[in-house]
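Notes for the structure review
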Amino acid sequence: MRIATFPAVIGLLAILMGSAAQAEGEKAGEFDYYVMALSWSPNWCALEGDAKNSPQCESREDHGWILHGLWPQFHRGWPSYCRTSEPAPTRRMTNEMSDIMGTSGLAWHQWRKHGVCSGLSAPDYYALSRKAYGTVTRPAVFRKLKDQISLPAAIVEEAFLKQNPDLTANSLTITCRQGYIQEARICLSKDLQPVPCGQDVSKDCKIKDALFDPVR
C-alpha cells in the first residue's frame with residue numbers, strides 16, 4: 001500500500017480548499033455582484049425566532065419581508081469575513097437598521113460577515129443596503145393574510161415578478177426551509193440593477209405546499 005507523503009497531503013488539501021464554494025478572509029471589494037436576501041419574518045419566527053425570544057418576533061412588531069442581508073457574491077462562490085481597515089459600525093448605526101432588518105444584532109452580523117467584503121465603510125454599506133431594499137416592491141398581498149396557508153413556492157416568485165417588471169426569473173430565487181417559504185433572493189449589480197444569478201444562487205424551491213405564516 002502506498003502511503004501519501006506529507007507534501008502530497010498538503011497539496012491535496014490546498015486543491016480541496018481552493019475548490020470550495022465559500023472562502024473566508026478575501027480582500028474587500030473584490031466580488032462580482034450582490035445578492036439581496038429578503039426574509040419573511042413570520043416564517044423565521046416560527047422556525048427559530050420565537051425559540052430565541054428575538055425582539056423581531058414580539059407581538060408589537062409587524063415585520064413582513066425584512067432585509068436579511070446584502071451579500072457580495074462571486075459568479076461561483078462568495079467571500080466572507082474579508083480583510084478590511086474600515087472601523088466597525090457603532091451601536092447607533094446598527095440600531096438604525098433594525099426597522100428593515102428586524103434587529104440591530106442582525107445588522108451587526110451582516111456587516112461582520114458580508115459588509116466587510118463590500119469595500120465600503122459601515123455607513124456606506126448600510127446606506128446601500130437600505131437603497132437596495134427600497135428598489136424592490138414587496139408584494140402587499142402577503143401582508144393581507146389572516147391565517148397560515150400553504151402554497152407553491154412558484155406563486156411567491158410570480159408575485160415578486162408581477163410587482164417588479166425589471167426583475168426576471170433568472171435574477172430571483174425563492175428558497176424554502178423545513179417546509180416554510182424562507183427568502184426571496186434577488187441578484188443585483190454593484191449599482192443595484194437586476195442581473196442573472198450565478199449557479200450557486202439559482203436554486204429555486206420546488207415545494208408545492210410550502211407553509212406561509214401571516215404577519216402577527
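Read on for a plain summary of the structure. What you see as residue numbers is a count from 1 along each chain, following the sequence as written. Totals for whole chains, interfaces and linings use every residue, but because this is a predicted model, local features are given only for residues with pLDDT of at least 70 and side-chain atom pairs only at 80 or more, for both listing and counting. To get the side-chain values, all heavy atoms of the structure are used, and hydrogens and water are removed first.

Secondary structure elements are defined from DSSP: runs of H or I of at least 4 residues count as helices, runs of E of at least 2 residues count as strands, and each element is numbered from the N terminus. In terms of regular secondary structure, the chain is built from seven helices and six strands. Ordered by position from N to C terminus, the α and β elements of the chain give α-β-α-β-α-α-α-α-β-α-β-β-β. Throughout, exposure labels follow a simple rule: accessible area from a 1.4 Å probe, protein chains only, divided by the maximum for the residue type, with under 20% read as buried, over 50% as exposed, and the rest as partly exposed. Considering the chain as a whole, with its 216 residues, one finds that 44% of them fall into the buried category. Using the Shrake-Rupley algorithm and a 1.4 Å probe, accessible areas are obtained, with residue cover drawn only from the displayed protein chains. For the chain, the exposed surface amounts to about 11800 Å²; the carbon and sulfur share of it is 54%.

Turning our eyes to something else, we now look at the packing of helix 5 (residues 104-113) against helix 6 (residues 122-135). Fitted lines through C-alpha atoms give the axes, limited to the stretch in contact for helices. The angle between two N-to-C directions lies from 0 to 180 degrees. Direction vectors running N to C along helix 5 and helix 6 enclose 115°, while the axes themselves pass 11 Å from each other. Considering the angle they form, helix 5 stands roughly perpendicular to helix 6. Read as a crossing pair, helix 5 and helix 6 show a hand that is right-handed. Here Ala-107, Trp-108, Gln-110 and Trp-111 of helix 5 come into contact with helix 6, specifically with Ala-122, Tyr-125 and Tyr-126. Three categories are distinguished: nonpolar for Ala, Val, Leu, Ile, Met, Phe, Trp, Tyr, Cys and Pro, charged for Asp, Glu, Lys and Arg, and polar for the others, with Gly belonging to the last. Of the residues in the contact of helix 5 with helix 6, the class split is six nonpolar, one polar and no charged. Small angles under 35 degrees read as roughly parallel and large ones over 145 as roughly antiparallel, with 65 to 115 read as roughly perpendicular and the rest as oblique. Note on convention: near helix rotated counterclockwise from far helix by under a right angle means a left-handed crossing. Clockwise means right-handed. Contacts: residue pairs with any heavy atoms within 4.5 Å of one another.

Before going further, it helps to spend a moment on the nonpolar core. Nonpolar side chains in soluble globular proteins tend to be buried together. To define a nonpolar core, start from buried Ala, Val, Leu, Ile, Met, Phe, Trp, Tyr and Cys residues and group those joined through side-chain atoms within 4.5 Å. Formed by 45 residues in total, the largest nonpolar core has its most connected members in Met-36, Leu-38, Trp-65, Val-156, Ile-181 and Phe-212. Of the residues forming this core, the biggest block, six residues, is contributed by helix 6. The contact partners of Phe-212, leaving out residues within four places of it in the chain, are Trp-40, Asn-43, Trp-65, Phe-142, Leu-145, Asp-147, Gln-148, Ile-149, Leu-151, Val-156 and Ile-181.

Another point: the packing of aromatic side chains. Ring pairs shown here join Phe, Tyr and Trp side chains whose ring centres sit within 6.5 Å, with only the six-membered ring taken for Trp; geometry is labelled stacked below 30 degrees between planes, edge-to-face above 60, and tilted in between. The tally for this structure, following the rule as stated, stands at 10 aromatic pairs. Aromatic rings pair up to connect Trp-40, Trp-65, Phe-142, Phe-160 and Phe-212 into one cluster. Whether a charge sits over a ring comes down to the Lys NZ or Arg CZ being within 6 Å of the ring centre and within 35 degrees of the ring normal. The ring centre of Tyr-133 lies 3.9 Å from the NZ or CZ of Arg-138, which sits over that ring.

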